[in-house]
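The primary structure of each chain is shown beneath.
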Amino acid sequence: PNSISTQYMTSSEYTFLSGHPNCAGLRQSPVDLDSFRGPFAEFPPITLTGYDTLSSSSWNLQNNGHSVVASLPTGMVLSGAGLNGRYHAVQFHFHWGSAAKPGSEHSLNKLQFPMELHIVHYSSRYGSMSNAVRYGDGIAVLGVFLQVGGILQPLNLYTLGQQIVIPPMPLAALLPDVHQRGRFARYQGSLTTPSCDEAVVWTVFLQPISISLSQMEAFRNVQATESSSFPQRSMMNNNRPVQPVFGRSILIASS
Ligand code: SG4
Ligand code: ZN
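Chains are numbered independently. Their residues run from 1 in the order of the written sequence. Chain labels run from A onward and ligand labels from 1 onward, assigned in the order the entries are written. Confidence filtering applies because this is a predicted model: local features only for residues at pLDDT of at least 70, side-chain atom pairs given and counted only at 80 or more, and all residues used for totals across whole chains, interfaces and linings. Hydrogens and waters are ignored; side-chain quantities use all the structure's heavy atoms.

### Things to note about the state of the cysteines
Turning to step 1, where the next piece is worked out: Disulfides are defined as pairs of cysteine sulfur atoms found within 2.5 Å of each other. In the structure shown here, the tally under the stated rule is one disulfide.
Turning to step 2, where the next piece is worked out: Disulfide pairing places C23 opposite C196 at an S-S distance of 2.1 Å. What sets the handedness of the C23 and C196 disulfide is the S-S torsion sign, and at about 85° it is right-handed. With a gap of 173 residues between them, C23 in the loop between α1 (11-18) and β1 (32-33) and C196 in the loop between β13 (184-189) and β14 (200-205) connect regions that are remote in the sequence. Under the scheme used here, helices are H or I runs from DSSP no shorter than 4 residues and strands are E runs no shorter than 2 residues, and both carry numbers assigned from the N terminus.

Structure representation (structure tokens):
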């Protein structure tokens, strides 16, 4: 057993150390998003079905040793925005850094945010997550940057033992304001953890949502489990560094 974390290595280290050849592929995530240079493209509006429904209970984010993850009930569907068909939401999770280091996965104009939220969906064409990872357009992830403070309504959450709890709210409360949802980056990428399947159509919103410093500290106080390979006791810096673009177009929605 080695103590080296597989969560945040370079792609070649991933391949060499953990035998995940996908992680050294040509369409890996995350990447830097250049909102000034583009290339820019027009997209149809995004359609989010069921995202405005108040959840019947709190969202309990489970510590899985690499992140905190909330499973979603069926019925939340993402489409539009140039996506090929309908994508079912299955879970959301977060990536975060430490007091010393921002922990978003994507960067915006070379700058990282303190945290990043991912809402993971699979295509209705492929039936399940495990099947969808085999197709280049099998998975759609919505990425949302989190900033500390700011003028927006901060996200409400608290810790309960090793869980993070978000009181009942619609999933849309985790997204930027409806008028800002047309501002996003779109590109073909991968899952950001091994096995780094190159199956993800990424939509990363450019407008961050807000969280308070004490709420962000709730994430930094989540403990890495014994089975995880994190070197430190607290689960921090569970973000993968940006990967080479290799000639891909990282499109910026111009609408
Ligand atoms: C995190 O490790 C999540 O905990 C994983 O979710 C997730 O795996 C993984 O990140 C990769 O997802 O949007 N960052 S990402 O590319 O969604 C999957 C679970 O393990 C397959 C449930
Ligand atoms: Zn993620």
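What follows picks up the thread again.
### Some remarks on the site of ligand 1
Turning to step 1, where the next piece is worked out: As a structural note, the neighbourhood of ligand 1 is formed by 15 residues, with N64, Q91, H95, L191 and T192 the closest of them.
Turning to step 2, where the next piece is worked out: One of the side-chain nitrogen or oxygen atoms of H95 is found 3.2 Å away from a nitrogen atom of ligand 1.
Turning to step 3, where the next piece is worked out: Contacts to ligand 1 include T192, whose side-chain N or O atom sits 2.7 Å from a nitrogen atom.
Turning to step 4, where the next piece is worked out: Methods summary: accessible areas were calculated by the Shrake-Rupley approach with a probe of 1.4 Å, and residue burial reflects only the protein chains presented. Expressed as a share of its isolated accessible area of 500 Å², the protein-covered part of ligand 1 is 79%.
Turning to step 5, where the next piece is worked out: The cavity where ligand 1 resides is the largest pocket.
Turning to step 6, where the next piece is worked out: Contributions of two or more residues to the shell around ligand 1 are made by β7 (87-96) and β9 (115-123).
Turning to step 7, where the next piece is worked out: The dominant element in the shell around ligand 1, judged by the number of residues it contributes, is β7, at three residues. Proximity is defined per residue: any heavy atom of the residue falling within 4 Å of a molecule or strand makes that residue near it. Under the rule applied, a polar contact is a pair of N or O atoms within 3.5 Å (in protein, one hydrogen donor and one hydrogen acceptor; residues adjacent in sequence only if both atoms are side-chain atoms). Throughout, the protein atoms alone are placed on a 1 Å grid, and a set of points is a cavity if a 1.4 Å probe fits but cannot get out or a pocket if it is open with protein on both sides within 12 Å along at least five of seven lines; lining residues have an atom within 4 Å of a point. Just a note on the criterion: a molecule sits in a pocket or cavity if more than half of its atoms are within 2 Å of the grid points.

### Describing the packing of aromatic side chains
Turning to step 1, where the next piece is worked out: Pairing of aromatic rings covers Phe, Tyr and Trp, the last through its six-membered ring, and needs centres within 6.5 Å; plane angles under 30 degrees mean stacked, over 60 mean edge-to-face, and all others mean tilted. Enumeration according to the criterion identifies eight aromatic pairs in this entry.
Turning to step 2, where the next piece is worked out: Their ring planes at 85° and their centres at 6.1 Å tell us that F92 and F94 sit as a pair that is edge-to-face. Exposure class is identical for F92 and F94. Each is buried.
Turning to step 3, where the next piece is worked out: Both rings, one in Y187 and one in W202, keep their centres 6.5 Å apart while their planes meet at 10°; by these two values the pair is stacked. Residue Y187 is located in strand β13, and its partner W202 is located in strand β14; the two are separated by 15 residues in the primary sequence. Each member of the pair, Y187 as well as W202, is classed as buried.
Turning to step 4, where the next piece is worked out: Here the aromatic residues W59, F92, F94, W96 and F219 are joined through ring pairs into a cluster of three or more. Three labels apply to residues, based on accessible area from a 1.4 Å probe with only protein chains included: buried if under 20% of the type maximum, exposed if over 50%, partly exposed otherwise in between.

### Overview of unusual backbone geometry
Turning to step 1, where the next piece is worked out: Omega for the peptide link from G38 to P39 comes to 5°, which places this bond in the cis form.
Turning to step 2, where the next piece is worked out: Positionally, P39 belongs in the loop between β1 and β2 (40-41).
Turning to step 3, where the next piece is worked out: S195 follows P194 through a cis peptide bond whose omega is 15°.
Turning to step 4, where the next piece is worked out: Inspection of the secondary structure puts S195 in the loop between β13 and β14.
Turning to step 5, where the next piece is worked out: In this model, K110 sits at a positive phi of 75°, which is unusual for a non-glycine residue.
Turning to step 6, where the next piece is worked out: Positioned with a positive phi, N237 is a non-glycine residue whose angle comes to about 55°.

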